[in-house]
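What follows is each chain in one-letter form.
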Amino acid sequence: MPRIAEARDAAEPSSHEQRARHVRMLEAAAELATEKEFARVQMAEVAKRAGVAIGTLYRYFPSKTHLFVAVMVEQVDQIGESLRRRPTAAGGGRDAIYEVLVRATRALLRRPALSTAMIQSSSTANAALVPNAAKVDRVFQEILMSAAGIDDPTEDDVTAIRLLMQLWLGVIQSCLNGRISIPDAEADIRTACDLLLARMSIAD
């Protein structure tokens, strides 16, 4: 049953071979979720494409929620790596945070089915049962703080970024659902940055 599966501890890869299998499973899941709706992606199908036994897949990802939250962690890490290679033109502050969010939005919208799977999984995951759910939030918060040039965030900084991230995910979901256009989504993100980041310890 799904609840039992989610309550089981997920194994962590330790050897080079295990890490390679781990990556293959994440890549297979991402490929399948790019090709079809999240509800139609089956764990057995992921295992087959990754070339692993179904038991191996469940050992690392006790549920489909675990799997796609882990895929989202991987995607967020890739966004961070992209920013390290090509920093924002804004050079810090509120505009840099906006640029990061817009770049991340465009990256996610290039694969809408996969993004829907990741956001749906992350938004419904209980952090106590799926630890990677908290990691998604933590890593993305670190990316935004770094882009803004904040090394020692205040409580107001952390609160503003947390609220901005929640609003941003809602904007992306509305875009994925066809309720708003991409230009409207970017305009909404701009407004959110202006309103929520006004009290942050950053330069305009």
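Residues numbered from 1 in each chain as written. Predicted model: local features only at pLDDT ≥ 70, side-chain atom pairs only at ≥ 80, totals over all residues. Heavy atoms only, no water.

Asks: Explain the overall build of the protein chain here, please?
Replies: When you go through the protein chain residue by residue, the secondary structure sums to 10 helices and zero strands. Tracing the protein chain from N to C terminus, the helices and strands come up as α-α-α-α-α-α-α-α-α-α. The C-alpha radius of gyration of the protein chain comes to 18 Å, within 12% of the 17 Å expected for a compact globule of 204 residues. Principal-axis analysis of the C-alpha atoms gives the protein chain an extent of 50 × 35 × 30 Å. Taken over 204 residues, the protein chain has a buried fraction of 46%. Residue pairs at least 24 apart in sequence account for 72% of intrachain contacts in the protein chain once pairs closer than 6 positions are excluded. Put simply, the protein chain shows about 10800 Å² of open surface, and 50% of that area lies on carbon and sulfur atoms. One finds the centroid of the 25 positive side-chain charges in the protein chain at a distance of 7 Å from the centroid of its 26 negative side-chain charges. (Helix = DSSP H or I, 4+ residues; strand = E, 2+ residues; numbered from the N terminus. Rg over C-alpha atoms; globule rule 2.2 N^0.38 Å. Buried < 20%, exposed > 50% of the residue type's maximum accessible area, 1.4 Å probe, protein only. Contact = heavy atoms within 4.5 Å. Areas by Shrake-Rupley, 256 points an atom, 1.4 Å probe, with all protein chains shown as cover. Lys, Arg positive; Asp, Glu negative; His and termini not counted. Charge placed at Lys NZ, Arg CZ, Asp CG, Glu CD.)

Asks: Can you help me understand the side chain of T105 in this one?
Replies: In this structure, T105 sits in helix α6 (residues 93-109). With sequence-adjacent residues up to four places away left out, T105 is seen in contact with W168, I172 and I189.

Asks: Looking at this structure, I do not really get the environment of M118. What am I missing?
Replies: Relative to the elements of secondary structure, M118 occurs in helix α7 (residues 112-124). Sequence separation of M118 and R106 is 12 residues, and the distance between their C-alpha atoms is 15 Å.

Asks: For this particular structure, what's the right way to read the environment of M145?
Replies: Note on placement: M145 falls in helix α8 (residues 132-148). M145 sits in the buried class, given a relative accessible area of 5%. With 21 residues separating them in the primary sequence, M145 and Q166 have C-alpha atoms 15 Å apart. The residues touching M145, leaving out its near neighbours within four places in the chain, are I150, P153, D157, V158, I161 and M200.

Asks: Help me understand helix α2 (residues 16-35), please; the structure alone is not making it clear to me.
Replies: Because an α-helix completes one turn every 3.6 residues, residues spaced three or four positions apart along the sequence face the same direction. Along its 20 residues, α2 runs 29 Å from first to last C-alpha, staying within 8% of the 28 Å computed at 1.5 Å per residue. Buried within α2 are the following residues: Q18, R21, H22, M25, L26, A28, A29, A30, L32 and A33. The inward-facing, buried residues of α2 contact α3 (43-50), α4 (54-60), α5 (64-85) and α7. (Expected span 1.5 Å × (residues − 1).)

Asks: What exactly am I supposed to notice about the confidence of the model for the protein chain here?
Replies: Detailed reading of the predicted coordinates is not advisable wherever pLDDT falls low. Within the protein chain, residue pLDDT values average 90, and 94% of them lie at 70 or more. Summarising per-element confidence for the protein chain, the mean pLDDT is lowest in helix α1 (residues 2-7) (41) and highest in α3 (97). Of the regions scoring below 50 in pLDDT, residues 1-7 engages in nine contacts with residues more than four places distant in sequence or in other chains. (pLDDT = per-residue confidence, 0-100.)

Asks: Is there a simple way to explain the side chain of S122 in this structure?
Replies: Summarising the element assignment, S122 is placed in helix α7. Assessed through its relative accessible area of 14%, S122 is described here as buried. Sequence-distant contacts of S122, defined by excluding residues within four places in its chain, comprise V69, M72 and V136.

Asks: Teacher, can you tell me more about the nonpolar core here?
Replies: In globular proteins that are soluble, nonpolar side chains generally tend to be buried together. Judged by nonpolar contacts, the single largest core of 67 residues is most densely connected at F61, L67, F68, I97, L101 and F140. With 10 residues, the single largest contributor to this core is α5. Once residues lying within four places of it in the same chain are set aside, the contact partners of F140 are V76, I79, L101, A104, M165 and W168. (Core = buried A, V, L, I, M, F, W, Y, C linked by side-chain atoms within 4.5 Å.)

Asks: Looking at this structure, I do not really get the pattern of salt bridges. What am I missing?
Replies: The final tally for this structure, using the stated rule, is 10 salt bridges. Residue R103 is joined to E99 by a salt bridge in which the shortest nitrogen-to-oxygen separation is 3.5 Å. Pair noted here: R103 and E99 are both in helix α6, with a separation of four residues, about one helical turn. Across the salt bridge formed by R106 and E186, the nearest N and O atoms sit 2.8 Å from each other. One end of the pair, R106, is in helix α6; the other, E186, is in helix α10 (residues 182-196), and 80 residues separate them in sequence. Residue classification places E186 among the buried residues on the basis of a relative accessible area of 13%. One network of salt bridges, with partners in common, ties together E31, E35 and R49. (Salt bridge = Lys/Arg side-chain N within 4 Å of Asp/Glu carboxyl O.)

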